[in-house]
Amino acid sequence: MSGKITKEEMEEMREIFGKIDLDNDGHICDYELHELLKDAGHALPGYMVREIIQKLDRNKDNKISFEEFLSIVQELKGSEIAKTFRKVINRKEGILAIGGTSELSSEGTQHSFSEEERYAFVNWINTALEKDPDCQHVLPMDPNTDSLFTSVGDGIVLCKMINLSVPDTIDERTINKKKLTPFTIQENLNLALNSASAIGCHVVNIGALDLKEGKPHLVLGLLWQIIKIGLFADIELSRNEALAALLRDGETLEDLMKLSPEELLLRWANFHLENAGWQKINNFSSDIKDSRAYFHLLNQISPKGTEEDQPRIDINMAGFSPLNPTILCCLGETREERTFRNWMNSLGVNPHVNHLYGDLQDAMVILQLYEKIKVPVDWNNKVNKPPYPKLGTNMKKLENCNYAVELGKTAKFSLVGIGGQDLNDGNATLTLALVWQLMRRYTLNVLEELGDGEKVNDDIIVKWVNKTLAEAGKSTKISSFKDKEISSSLAVLELIDAIQPGSINYELIKTGSLSEDDKLENAKYAVSMARKIGARVYALPEDLVEVKPKMVMTVFACLMGRGMKRV
């Protein structure tokens, strides 16, 4: 449903926009956009409205300008659009409005969520954590009240949901569960937020206080990201001959793997709907709201509740639910690749990175990362923005990649042997080499900001670690980020205790002659404790056990940043 907007409609849209824009600041927020779309006959759940705003919002102010609003109108445009959009001015049904709640919100800003959205989340969590003994003090939640927002206030439910989505992200031993105080609650919320970031959630501008106070739009936004990541992980696409059924003319299996999770699931669903003789769907919102597509789809997967032998795509549908999950196709993704992907997504890059190399081939994500490390990007004159023209698409993407390499040289990155073509081709080794330098610079920039602009390098971090350990009377020290002694995680644990005295329970630490399992237990405890005291660590326990220098460096750098924040 797309089309051009006439001059008359443009004037009417400007009039409507002005009436919706109550504070006349030239923008509309998520609450206003939600109502606008709903009354125009394009109702979307709250999380999708927030995703629309995130996608279009170039300056990350969580608002839509008139120009951005028009692009939405054009996508949804129908013959009666001017009339249907006018309904929003006087109608306010089904939406719960709350006052502005983040530090960046001005007083009076309103955010929104639908009762259906809250109901779905409550039922999901009630079912998922029904038998968890640590959650019985808040479960079951009542979907007809605001209990969802108060129940996450001590951080336990959030920590548990993160572990359900990505098992073993949080060491259960680090969650404060009994006799909670304001301080131990703060620790739980820090642990949840930093762990959510580590698995790829965008948590910028969400603080522990926001969650403790149960601010609805922030709680729902975070929960949706956590649940969505879990759904990605639960639904796996297997390599088998039946996959050929999803291929279109001229496509290879690799082409299929480059599709976004939503595109892949849509193609899979339409494959079954076509076999059922049912019409294809174009989205997972309005096209399935009457559930008829679900009926035909489920009947194809398991006709009449039987396990009849019939040819069909082998997809594990364990996560299939009314929340409309998407498919994540992780074929041989390494731990390092997953860490980098989660780091990028936690910074809110657009588009969301699902496949590390394929999603970086036009360099748009890389260019956004340059801005994160304060390397200016000339978006107007040097960057080709999507959608790309049908003819010359690859050339436009290659130009972006060449510019990305050029910016790397201005940032004094080591790019010997790396060219724009390598990024455009999805060369794994060379793409990772650039991404690592972006992540390293991002980490060092945080330390420089805390240290009043003093340049930081590996040697300075190592010296700070050893000095901090010695001053706290600890026995461990490190010679470099390649030091094999790091595999025990003792230096990390003692550094955490030096930064926040009394935080480490030494009875839980394995010492002496350690097995690989002992080392892994220590590492899990160390990584979770680092996040619990406020260090945003992206590395995984295995990185410490195997002493991966790059990831080890980020762990100690993040702890240094946390230590420098001490009052």
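### Overview of the side chain of Thr 431
Note on placement: Thr 431 falls in helix α19 (residues 428-450). A relative accessible area of 3% places Thr 431 in the buried class. At a separation of 2.7 Å, a polar atom in the side chain of Thr 431 contacts the main-chain carbonyl oxygen of Asn 427. Those residues in contact with Thr 431 that sit more than four places away from it in its chain are Tyr 357, Leu 360, Asp 422, Leu 423 and Gly 426.

### Some details on the pattern of salt bridges
Applying the stated criterion across every chain yields a total of 21 salt bridges. Notably, a salt bridge pairs Lys 160 with Glu 172, separated by 2.9 Å at the nearest N-O pair. Taken together, the residues Lys 160 in helix α8 (residues 156-165) and Glu 172 in the loop between α8 and α9 (182-198) connect sequence positions 12 residues apart. When its relative accessible area of 5% is taken as the criterion, Lys 160 is described as buried. Among the ionic contacts, a cluster of salt bridges with common partners joins Asp 132, Asp 134, Lys 160, Glu 172 and Lys 177.

### Details of the packing of helix α21 (residues 490-499) against helix α24 (residues 549-564)
As a packed pair, α21 and α24 sit with axes 10 Å apart at the nearest point and diverge in direction by 10°. As summarised for this structure, α21 and α24 are arranged roughly parallel, according to the angle between their axes. Along its contact with α21, which presents Ala 491, Val 492, Leu 495, Ile 496 and Ile 499, the element α24 presents Val 555, Phe 556, Leu 559, Arg 562 and Gly 563. Taken together, the residues of the contact of α21 with α24 break down into eight nonpolar, one polar and one charged.

### Topic: unusual backbone geometry
Leu 139 connects to Pro 140 through a cis peptide bond whose omega is -5°. Mapping Pro 140 onto the fold places it in the loop between α6 (115-128) and α7 (147-151). With an omega dihedral of 10°, the bond running from Asn 350 to Pro 351 counts as a cis peptide bond. Position of Pro 351 among the secondary structure elements: in the loop between α15 (335-346) and α16 (364-372). For Asp 168, which is not glycine, the phi dihedral falls at a positive 70°.

### Re the environment of Leu 193
Note on placement: Leu 193 falls in helix α9. It is 7.0 Å that separates the C-alpha atoms of Leu 193 and Val 203, two residues lying 10 residues apart in sequence. In contact with Leu 193, not counting residues within four places along its chain, are Val 203, Ile 206, Gly 207, Ala 208, Leu 211, Leu 222 and Arg 536.

### Here's the deal with the confidence of the model for the chain
Looking at the chain as a whole, its pLDDT mean stands at 81, while 75% of the residues score no less than 70. Predicted confidence is poor over residues 78-109, with pLDDT under 50, and the contacts of this stretch with residues over four places away or in other chains come to 73 contacts.

### Observations concerning the environment of Asp 210
Summarising the element assignment, Asp 210 is placed in helix α10 (residues 208-212). We classify Asp 210 as buried; its relative accessible area is 7%. When the C-alpha positions of Asp 210 and Leu 189 are compared, they lie 9.8 Å apart, and in sequence the two are 21 residues distant. At 2.8 Å, the side chain of Asp 210 forms a polar contact with the side chain of Lys 215.

### Brief notes about the state of the cysteines
In this structure the tally under the stated criterion is zero disulfides. Here Cys 159 stays free of any disulfide, with the sulfur of Cys 135 as its closest cysteine sulfur at 9.6 Å.

### Examining the packing of aromatic side chains
Enumeration according to the criterion identifies four aromatic pairs in this entry. Aromatic pair Phe 121 and Trp 224: ring centres 6.4 Å apart, planes at 40°, arrangement tilted. Taken as a pair, Phe 121 in helix α6 and Trp 224 in helix α11 (residues 216-234) lie far apart in primary sequence, 103 residues in all. Residue classification places Phe 121 among the buried residues on the basis of a relative accessible area of 1%. Among the residues examined, Trp 224 registers a relative accessible area of 5% and is labelled buried. Look at Trp 343 and Tyr 442: their rings are 5.8 Å apart centre to centre, the planes differ by 65°, and that puts the pair in the edge-to-face class. One end of the pair, Trp 343, is in helix α15; the other, Tyr 442, is in helix α19, and 99 residues separate them in sequence. Judged by relative accessible area, Trp 343 falls into the buried class, the value being 1%.

### Considerations on helix α17 (residues 393-410)
With 18 residues, α17 should cover 26 Å at 1.5 Å per step; its first-to-last C-alpha distance of 26 Å lies within 8% of that length. Every buried residue of α17 is accounted for by Leu 398, Asn 400, Cys 401, Tyr 403, Ala 404, Val 405, Leu 407 and Gly 408. Close packing links the buried residues of α17 with α16 and α18 (420-425).

### Examining the nonpolar core
Of all hydrophobic cores here, the largest spans 81 residues; its most connected members are Met 344, Tyr 370, Ile 461, Phe 556 and Leu 559. Ignoring sequence-local partners within four residues, the contact set of Ile 461 consists of Leu 444, Leu 447, Val 456, Phe 481, Met 553, Phe 556, Ala 557 and Met 560. Core analysis: the second largest hydrophobic core is formed by 41 residues, Leu 139, Leu 193, Ile 199 and Ile 206 among them.

### Overview of helix α22 (residues 516-532)
The end-to-end C-alpha distance of α22, which contains 17 residues, comes to 24 Å, matching closely the 24 Å that a straight helix rising 1.5 Å per residue would cover. Counting buried positions along α22 gives 12 out of 17 residues, so the element sits mostly inside the fold. Restricting attention to buried positions, one finds in α22 the residues Lys 519, Asn 522, Ala 523, Lys 524, Tyr 525, Ala 526, Val 527, Ser 528, Met 529, Ala 530, Arg 531 and Lys 532. Along its buried surface, α22 packs onto α9, α21, α23 (541-545) and α24. A positive backbone phi angle near 110° is found at Gly 534, which sits one or two residues after α22.

The rules we used
Throughout this description, residue numbers start from 1 for each chain and increase along the sequence as written. This being a predicted model, a pLDDT of at least 70 is required before a residue's local features are given, and a value of 80 or more before pairs of side-chain atoms are given or counted; all residues contribute to the totals for chains, interfaces and linings. Processing note: side-chain calculations cover all non-hydrogen atoms of the structure and skip hydrogens and water entirely. Note on conventions: DSSP H or I runs of at least 4 residues are helices, E runs of at least 2 residues are strands, and numbering of each starts at the N terminus. Accessible area is worked out with a 1.4 Å probe on protein chains only. A residue is then buried under 20% of its type maximum, exposed over 50%, and partly exposed in between. We define a polar contact as two N or O atoms separated by no more than 3.5 Å, with the added condition that, inside protein, one atom must be a possible hydrogen donor and the other a possible acceptor, whereas residues neighbouring each other in sequence contribute only through side-chain atom pairs. We call two residues contacting when some pair of their heavy atoms lies within 4.5 Å. Throughout this description, the term salt bridge denotes a Lys or Arg side-chain nitrogen within 4 Å of a carboxyl oxygen of Asp or Glu. To obtain each axis, a line is fitted to C-alpha atoms, and for helices this fit is confined to the stretch in contact; angles are then taken between N-to-C directions over 0 to 180 degrees. Roughly parallel covers angles under 35 degrees, roughly antiparallel covers those over 145, roughly perpendicular covers 65 to 115, and oblique covers all other angles. Each residue gets one of three labels, nonpolar for Ala, Val, Leu, Ile, Met, Phe, Trp, Tyr, Cys and Pro, charged for Asp, Glu, Lys and Arg, and polar for the others, Gly among them. For every residue, the predictor assigns a confidence score, pLDDT, that lies between 0 and 100. Working definition: a disulfide is two cysteine sulfur atoms within 2.5 Å of each other. Classification of ring pairs rests on two measures: the distance between centres of Phe, Tyr or Trp rings, Trp counted by its six-membered ring, which must be within 6.5 Å, and the angle between planes, read as stacked under 30 degrees, edge-to-face over 60 and tilted in between. A helix is expected to span 1.5 Å for every residue after the first. Nine residue types can take part in a nonpolar core, namely buried Ala, Val, Leu, Ile, Met, Phe, Trp, Tyr and Cys, and a core is a set of them joined through side-chain atoms within 4.5 Å.

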